[in-house]
Amino acid sequence: IKDESKTLRSLGFVNRSVVHVGEGPPLRPGEHLVRFVLYEPSAKPQFAPLLALPVAGSMKVAELKEAVFNKLPKDLLDKHSRDLNASHIRLRDKKGKDPGSILKDQRSISKSLMGLTDGHQIALQILEDPEIMGNDDIVIQVRQWQVTEKKMAPPKEILISKQATTDSMIHVLSTKFANLLLSDSDGLMFAKGTSFGPPLTAKSAHKLKWQEVSLSQADEGGGSTNPAAAAAVVARPPLSLRDGSILVLRSRQDYARAKEIAQEAKQAAGPKSAQKAAGAGRRRVTPFRPVERELRIHVATAGAGASPGGGELRIGGRDTAAGTAGEEELLPPGSPPDAVVAAPSVAPPTELQFEQ
């Protein structure tokens, strides 16, 4: 019962109605009892029950973060050695086994959670760095591709602005993923992956459409090999990034080194191995050759001069004696395939007279 001003009659109470009494103050009108679960992507299982709080639909997500942070268990806070605050919390709209979309700080709870009811689950994730997600921010999944080692790292969520240019985004990613760069003159190259179809692997990453924009840490002022593409907004073509978009990164020098290694291995194998490898995937197809067979039909005959067992009408096949094929012959029963029968004699016509 959330509205204590209502009467028992208006609430439908009758004689012998069952009332459940719970601990704590009753919820106010517009409030819902929301259950929070701890979300740890690297843990198994990924979700663990945490706490339950009354949440009003008019609250901002930033206010809810503060309220949840003040209710976190002490052992969970002690688990992290660094100083935590509400900005280290990320709230997500949990959907079954999926952590769900991220709630933006300046939006209200009622607009962020569609169909908010009692028992709604929100996933709480503790971040390494503070994060404030505005209305123009999106979260993309970045995967590191180590080309020479043929490894594809698990996705890592990165917060960027929809109004950011490709140039500024690459500079941010170059700082967060500096481990990919082999030297100061190296640069990051990227390609947009797909969230559907077969899972992305190091082998399938070669087929992605890699952008020509490749920035270097040594470039002054954010120089780029393609200024037009570098100035494009990430939320618009050609990238058109959205929440959950996948971006694959690789080192320019690492990719060049992998091509050299592949070329050296191809030369060391020799031309015969190259031809064998090229023809390994080919499939030999045997042409279909129909077999010509004869059809025998037994014919029953009657009348004078007819053989007692009738005969055979042989259609098709090949007459080895006459050298013809596809002809019709009337043969006695049990004749061999190469038997030849002379043309039957035709009796002269008989004249019949009738009286009119």
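What comes next is a walk through the structure.

Definitions and cut-offs
- Residues numbered from 1 in each chain as written.
- Predicted model: local features only at pLDDT ≥ 70, side-chain atom pairs only at ≥ 80, totals over all residues.
- Heavy atoms only, no water.
- Helix = DSSP H or I, 4+ residues; strand = E, 2+ residues; numbered from the N terminus.
- Buried < 20%, exposed > 50% of the residue type's maximum accessible area, 1.4 Å probe, protein only.
- Contact = heavy atoms within 4.5 Å.
- Areas by Shrake-Rupley, 256 points an atom, 1.4 Å probe, with all protein chains shown as cover.
- Salt bridge = Lys/Arg side-chain N within 4 Å of Asp/Glu carboxyl O.
- Phe/Tyr/Trp six-rings, centres within 6.5 Å; stacked < 30°, edge-to-face > 60°.
- Lys NZ or Arg CZ within 6 Å of the ring centre and 35° of its normal.
- Pairing = 2+ DSSP bridges.
- Axes fitted to C-alpha atoms, helices over the stretch in contact; angles between N-to-C directions.
- Core = buried A, V, L, I, M, F, W, Y, C linked by side-chain atoms within 4.5 Å.

Secondary structure assignment for the protein chain yields six helices and 15 strands. Residue burial in the protein chain is summarised as follows: out of 356 residues, 34% are buried. For the protein chain, contacts bridging at least 24 residues in sequence account for 60% of all contacts bridging at least 6. Summed over all atoms, the accessible surface of the protein chain reaches about 24,100 Å², with 53% contributed by carbon and sulfur.

What follows is about the pattern of salt bridges. For the structure on display, the rule yields 10 salt bridges. Of the charged contacts, one joins Glu40 and Lys79 as a salt bridge, the two residues approaching to 3.1 Å between their closest N and O atoms. With Glu40 in the loop between strand S1 (31–39) and strand S2 (47–56) and Lys79 in helix H2 (residues 74–79), this pair connects stretches of sequence that are 39 residues apart. Overall, the relative accessible area of 26% leaves Glu40 in the partly exposed class. Here Lys151 and Glu149 are joined by a salt bridge, their closest N and O atoms 3.9 Å apart. Residue classification places Glu149 among the partly exposed positions, given a relative accessible area of 46%.

Okay, the packing of aromatic side chains next. Taken as a whole and assessed by the stated rule, the structure comprises two aromatic pairs. A ring pair is formed by Trp145 and Trp210, whose centres lie 5.7 Å apart and whose planes are at 25°; its orientation type is stacked. Of this pair, Trp145 sits in strand S5 (residues 137–146) while Trp210 is found in the loop between strand S8 (187–192) and strand S9 (215–216), placing the two residues 65 residues apart along the sequence. We note that Trp145, like Trp210, is buried. Stacked on the ring of Phe47, the Lys or Arg Lys94 has its end atom at 4.7 Å from the ring centre.

Counting buried residues in strand S3 (residues 89–93) gives five out of five residues, a clear majority hidden from the surface. Both faces of S3 are covered, namely the face carrying Ile89, Leu91 and Asp93 and the face carrying Arg90 and Arg92. Relative to strand S4 (residues 121–126), S3 runs antiparallel, the two being bridged by five bridges. In the sheet register, Leu91 faces S4, and the bridge partner there is Leu124.

Here the focus is the sheet that holds S2. Pairing within the open sheet is mixed, and its four strands lie in the order S2-S1-S4-S3. Unpaired on one side and paired on the other, S2 and S3 mark the two borders of the sheet. Direction aside, neighbouring strands of the sheet carry axes that sit 30° apart on average. With respect to the sheet, helix H1 (residues 61–70) is in contact with S1, S2, S3 and S4, its orientation differing from that of S3 by roughly 115°.

So, on to the nonpolar core. Among the nonpolar cores identified, the biggest contains 25 residues, and Phe36, Leu64, Leu72, Leu91, Ile109 and Leu124 are the most heavily contacted of them. Secondary structure elements with two or more residues in this core: S1, S2, H1, S3 and S4. Discounting residues that sit within four places of it in the chain, Ile109 has contacts with Val55, Ala56, Gly57, Met59, Lys60, Val61, Leu64 and Leu116. In terms of nonpolar packing, the next biggest core, distinct from the first, is built from 18 residues, Ile158, Ile170, Leu180 and Leu239 among them.

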